[in-house]
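Close look at the chain arrangement
One letter stands for each residue in the lines below.
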Amino acid sequence: NAGVMQNPRHLVRRRGQEARLRCSPMKGHSHVYWYRQLPEEGLKFMVYLQKENIIDESGMPKERFSAEFPKEGPSILRIQQVVRGDSAAYFCASSPNRDKQFFGPGTRLTVL
Amino acid sequence: KQEVTQIPAALSVPEGENLVLNCSFTDSAIYNLQWFRQDPGKGLTSLLLIQSSQREQTSGRLNASLDKSSGRSTLYIAASQPGDSATYLCAENAGGTSYGKLTFGQGTILTVHP
């Protein structure tokens, strides 16, 4: 059973561009969580999704950020009009039952 | 609002030493607590998960305890090795309306030198 997959592993964008981060959960896992790790800061929860539904988005910035987890395909975290402050490591985790979470390797976003 | 605090922020020990990492949390209605390891530039590896009904969990040289009444968890590492050098994170799953969402501590950076 492959682990949580994230791609790309590294992403460079210029200010104002869009960033799309993908997460494929482990097989059989229907719960997906996104976390962000800013430089010199801890991991912060962003959003929790369960197939086609956003359950908790209390950690998502109000503007420019969106997430989806379609019936088919990976979960997508989308950041529109990126700014330098969006530079961070973005981690996805999946779980079969909202209990133990398994983390992916992360996507490191650099905004120039 | 859940808060998780880890002390010390950094720890340097010689190889072979037993050590304890501390984690405190504010929500006594905790659902479970998970300890992770993060190597530089890498993702998180789950080490141990303790359910709220449990007092401790063991895996190899690692032992994690949970005391809900005092809001504390400890990670005990026996006979430390240089390969144990990493950042150790604890994360609380508070249950209730936060069910599933993890609140992380800032981590303890462990260095085990030969």
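Everything below is about the structure shown above.
The notes below deal with the structure included here. Per chain, residues are indexed from 1 in the order of the written sequence. To read the labels, note that chains go from A and ligands from 1, taken in the order they are written. Side-chain atom pairs in this predicted model are given and counted only at pLDDT of 80 or more, local residue features only at pLDDT of at least 70, and totals for whole chains, interfaces and linings cover all residues. Where side-chain values are given, they derive from all heavy atoms of the structure, hydrogens and water being excluded.

1. Topic: the overall build of chain B
Comment: elements are numbered from the N terminus, with helices defined as DSSP H or I runs of at least four residues and strands as E runs of at least two. The secondary structure content of chain B amounts to zero helices and 11 strands. Each helix and strand of chain B, ordered N terminal to C terminal, gives the series β-β-β-β-β-β-β-β-β-β-β. Relative to its length of 114 residues, chain B is compact, with a C-alpha radius of gyration of 14 Å against a globular reference of 13 Å. With the principal axes as the frame, chain B shows a C-alpha extent of 45 × 30 × 20 Å. To get the radius of gyration, use the C-alpha atoms; to get the globule rule, take the number of residues to the power 0.38 and multiply by 2.2 Å.

2. Section: the nonpolar core
Ranked by internal contacts, the top residues of the largest apolar core, which has 23 residues, are A:Trp34, A:Met46, A:Leu77 and A:Tyr90. For this core, the secondary structure elements donating two or more residues are strand S3 (19-24), strand S4 (31-37), strand S5 (43-50), strand S7 (65-68), strand S8 (75-79), strand S9 (88-95) and strand S11 (107-111) of chain A. Discounting chain neighbours no more than four positions away, the residues touching A:Leu77 are A:Ala19, A:Arg20, A:Leu21, A:Trp34, A:Met46, A:Met60, A:Ser66, A:Ala67 and A:Tyr90. B:Ile30, B:Trp35, B:Ala86 and B:Tyr88 belong to the second largest nonpolar core, which has 22 residues in total. Side-chain atoms within 4.5 Å link the members of a nonpolar core, which is a set of buried Ala, Val, Leu, Ile, Met, Phe, Trp, Tyr and Cys residues. Each residue's exposure class comes from its accessible area (1.4 Å probe, protein chains only) as a fraction of the maximum for that residue type: buried when under 20%, exposed when over 50%, partly exposed otherwise. Here a residue-residue contact requires only that any non-hydrogen atoms of the pair lie within 4.5 Å.

3. Overview of the pairing of strand S7 (residues 62-67) of chain B
All names here are of chain B. The pairing of strand S6 (residues 56-59) with S7 spans four bridges and is classified as antiparallel. From the neighbouring strand, Gln57 faces S7, where its bridge partner is Ala64. Each pair of strands is called paired provided DSSP finds at least two bridges between the two strands. Between the antiparallel neighbours S6 and S7 lie two residues, among them Gly60 with a positive phi of about 60°. Pairing between S7 and strand S8 (residues 72-77): six bridges, direction antiparallel.

4. Observations regarding the pattern of salt bridges
Salt bridge, as applied in this entry: a Lys or Arg side-chain nitrogen positioned within 4 Å of an Asp or Glu carboxyl oxygen. Within this structure, the stated rule accounts for six salt bridges over all chains. Among the ionic pairs, A:Arg78 bridges to A:Glu18, the shortest N-O distance being 2.9 Å. Placement of A:Arg78 in strand S8 and of A:Glu18 in the loop between strand S2 (10-13) and S3 is noted, with a sequence separation of 60 residues between them. Residue A:Arg78 is classed as partly exposed on the basis of its relative accessible area of 29%. Judged by relative accessible area, which is 30%, A:Glu18 ranks as partly exposed. Here B:Asp84 ties to B:Arg61 by a salt bridge, and the two come within 2.9 Å at their closest N and O atoms. Residue B:Asp84 is found in the loop between S8 and strand S9 (86-93), and its partner B:Arg61 is found in the loop between S6 and S7; the two are separated by 23 residues along the sequence. The network of salt bridges with common partners includes A:Glu18, A:Arg20 and A:Arg78.

Geometric descriptors of this kind do not, in isolation, establish any biological role.
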